Amino acid sequence: MIRTGLLGMVACVLLQSAALAQMRAPQVSEAACEEPTLRCATKATPAFGPDGTLWLVWMAGGRVSVASSQDAGRSFSVPTQVTTTRLNLDWGPDARPKIVVDRKGGIALAFSTFRDEAFNGQVLYTRSIDGGKSFAELKPITANNESQRFEALALDQDGTVFAAWLDKRNRILAKEAGQKYEGAGLFFTSSDDGGTTYAEAKLAREGTCECCRLGLAFAAPGRPVVIFRNIFEGGVRDHAVMTFADVATPGEVRRISVDDWQINACPHHGPSLTVAPNGTYHVAWYTNGKARKGLFYAHSRDEGRTFSAPMALGQPGRNPTRPFVLAGPAGMMMVWKEFDGEKTSVQMTVSRDDGETWLPPKTIASTSDTSDHPLLVSNGKQTYLSWMTKADGYRLTAIEDQP
Amino acid sequence: MRFRFAGIVSLGVLIASSAAFGTSPALKPFERGTWQSVLRGHAGRPVLVHFWGVTCGPCKVELPLLGQFAKDHPDVDVVTVSADLVPNLPAATQSMLDKAGLSSTENFIFNDGFVERLRFEIDPAWQGDIPRTMLITRDGTITTIEGSAEIADLEKWSAQQLSKH
């Protein structure tokens, strides 16, 4: 009997130690490895430079790095480390480092870190003027010390860098005034020196959903347009666009569709926006509303005043997620992820009539472990799928014209 | 008697080792197959499974309310699952559970880098939004509450489970 008891005792201790050790060991990671190399990246964001060079910024091992490729992603230059120390980078599902490359080859970057144990964020930016060999010291995009996350960068034709992000600075004022504060504010700024310095941050809209990525593009020179998950009356987290009159003047909030997703939660699933050369807005988003559930696409030919009826994307039983839409040289292209219980695939569809009709979706990539969101990037001649996967590394895949 | 003594010693060592590690009962790893284990382990009892995360604002508000609910309703098995995407943070997770009065419930933390697969096992339609609460009746019927749950709704559901018993 005592033997049984002792065995039980030993077993208990061993089991508990094993359980503790399990939770004390490094967490099972979405990264393939922990070094700052591209192979270990969890998020990678591409941009083509004016000379056709592909630039890639990624986060891996708590650092942000940049490298370039002259052969469409088959090989990359020796990476430049943007951050010199390991940072608590924002690892939220919709967070990623951002990059724009201007006509002179200047590179502007922005990304978020968690600044404290309460997961308040800070948006940092930097710039390279020597072809990515070095980056300036990191600076906060705003002096405010509350929380900023989900920054977006876009480059205007004249080289102005426009930035937007979600910012919780006004929750303090609301709390002091005894008012309820929901979500976060959509804040913005711009830089007329290529991302070396940014103007003082301004509020565009209070009461937006605080945990979803933004989409950002230019409707026309000097006129940024942002897509975001707004919080409408009654806590309904549906999508909206805002077209700025200029880089310092926000516009109206224009609702994309009445999905009626009333939820007090973090969907962790933001929208995508691109503007065609003719000015048509093309948007894609996820909702779980009363009116519709799943991924949807719509377009607007009047700067967001009205949108086409939402078009469902993907197979409902395969959990379609993470849509990305891009106006490319061969037409409008859209990608998203689907999951069949074992594998994640990237689905792609094309429209050659400015979003009126779309060709049947086609699987263009798949992986058997976790993966970043699928992104599209174009050099003006060819559109590519940019996809970081844990099992198969980074992929830049030229998308064929005919699906 | 010896068995009881050994059992007491065993318990003592367990408590001592727990104290030495300075932890509440360890967070359990939530991996492939865990969801089915949870369902099997609580079969025949009313269960409330709450999915949340340390970076989720609404979760921070809801968690202490759930802690009070768990205290007031010992007849309902309360299970929490920290379902923030990896890298998940055991220390921050445990700290928030402790502050919310949920130290002694059965607490899991996502422990698989392939979160799509974990979520798919639980609900193929779930895209990862949190908080999310699944109410499971004695006969296994699942009702899902997306977003913050109203405690009044949980009370009502709990009362229904008791009245059926």
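Look up: the structure comes first, before these words.
Residues numbered from 1 in each chain as written. Chains lettered and ligands numbered in written order. Predicted model: local features only at pLDDT ≥ 70, side-chain atom pairs only at ≥ 80, totals over all residues. Heavy atoms only, no water.

A. Quick look at the state of the cysteines. One pass over the full model with this rule turns up 2 disulfides over all chains. In this model Cys33(A) forms its disulfide with Cys40(A); the gap between the sulfur atoms is 2.0 Å. Judged by the torsion about the S-S bond (-105°), the Cys33(A)/Cys40(A) disulfide is left-handed. With its sulfur 2.2 Å from that of its partner, Cys56(B) forms a disulfide with Cys59(B). Across the S-S bond linking Cys56(B) and Cys59(B), the dihedral sits near 85°, which makes this disulfide right-handed. The pair formed by Cys56(B) and Cys59(B) is uniform in burial state, with each residue classed as buried. (Disulfide = S-S within 2.5 Å. Buried < 20%, exposed > 50% of the residue type's maximum accessible area, 1.4 Å probe, protein only.)

B. The sheet that holds strand 19 (residues 293-300) of chain A, seen in detail. Residue and element names in this part refer to chain A. Pairing within the open sheet is antiparallel, and its 4 strands lie in the order 17-18-19-20. The two strands at the open ends of the sheet, each matched to only one other strand, are strand 17 (272-275) and strand 20 (311-313). With direction set aside, neighbouring strand axes in the sheet form an average angle of 25°. (Pairing = 2+ DSSP bridges. Helix = DSSP H or I, 4+ residues; strand = E, 2+ residues; numbered from the N terminus. Axes fitted to C-alpha atoms, helices over the stretch in contact; angles between N-to-C directions.)

C. Representation of helix 5 (residues 115-122) of chain B in the model. Burial analysis of helix 5 of chain B places 7 of its 8 residues in the buried class, the great majority of the element. Val115(B), Glu116(B), Arg117(B), Leu118(B), Arg119(B), Phe120(B) and Ile122(B) are the residues of helix 5 of chain B that are buried.

D. Examining the side chain of Thr34(B) more closely. Residue and element names in this part refer to chain B. Here Thr 34 shows up in helix 2 (residues 34-41). A distance of 2.7 Å separates a polar atom in the side chain of Thr 34 from the backbone nitrogen of Glu 31. When neighbours within four sequence positions are excluded, Thr 34 is seen to be in contact with Pro 29 and Phe 108. (Polar contact = N/O pair within 3.5 Å; in protein donor to acceptor, adjacent residues only side chain to side chain. Contact = heavy atoms within 4.5 Å.)

E. Quick peek at empty space enclosed by the protein. Applying the stated criterion across every chain, the model contains 3 cavities of 30 Å³ or more. What lines the largest cavity is a set of 26 residues, among which Lys337(A), Thr370(A), Ser371(A), His373(A) and Glu116(B) lie closest to the centre. Residues of the lining of the largest cavity, tallied by class, amount to 6 nonpolar, 11 polar and 9 charged. The space that makes up the second largest cavity amounts to roughly 60 Å³. For the second largest cavity, the full set of lining residues is Met59(A), Val64(A), Leu89(A), Asp90(A), Ala95(A), Arg96(A), Pro97(A), Lys98(A), Phe111(A), Ser112(A), Phe150(A) and Glu151(A). Only strand 6 (107-114) and strand 9 (148-155) of chain A provide two or more residues apiece to the lining of the second largest cavity. (1 Å grid on protein atoms, 1.4 Å probe; cavity = no way out; pocket = protein on both sides within 12 Å on 5 of 7 lines; lining within 4 Å. Points joined across faces, edges and corners; volume = space filled by probe spheres on them. Nonpolar A, V, L, I, M, F, W, Y, C, P; charged D, E, K, R; others polar.)

F. Structural view of the pattern of salt bridges. Applying the stated criterion to the full structure yields 25 salt bridges over all chains. Across the salt bridge formed by Asp238(A) and Arg255(A), the nearest N and O atoms sit 2.6 Å from each other. Here Asp238(A), found in the loop between strand 14 (223-229) and strand 15 (239-243), pairs with Arg255(A), found in strand 16 (residues 253-255); they are 17 residues apart in sequence, far enough to count as distant. The class of Asp238(A) is buried, set by a relative accessible area of 0%. Note that Asp77(B) and Arg45(B) form a salt bridge whose closest N and O atoms lie 2.7 Å from each other. In this pair, Asp77(B) is assigned in strand 3 (residues 77-82) and Arg45(B) in the loop between helix 2 and strand 2 (47-52), connecting sequence segments 32 residues apart. Looking at Asp77(B), the relative accessible area reads 14%, which means it is buried. According to the relative accessible area criterion, Arg45(B) is partly exposed, its value standing at 34%. (Salt bridge = Lys/Arg side-chain N within 4 Å of Asp/Glu carboxyl O.)

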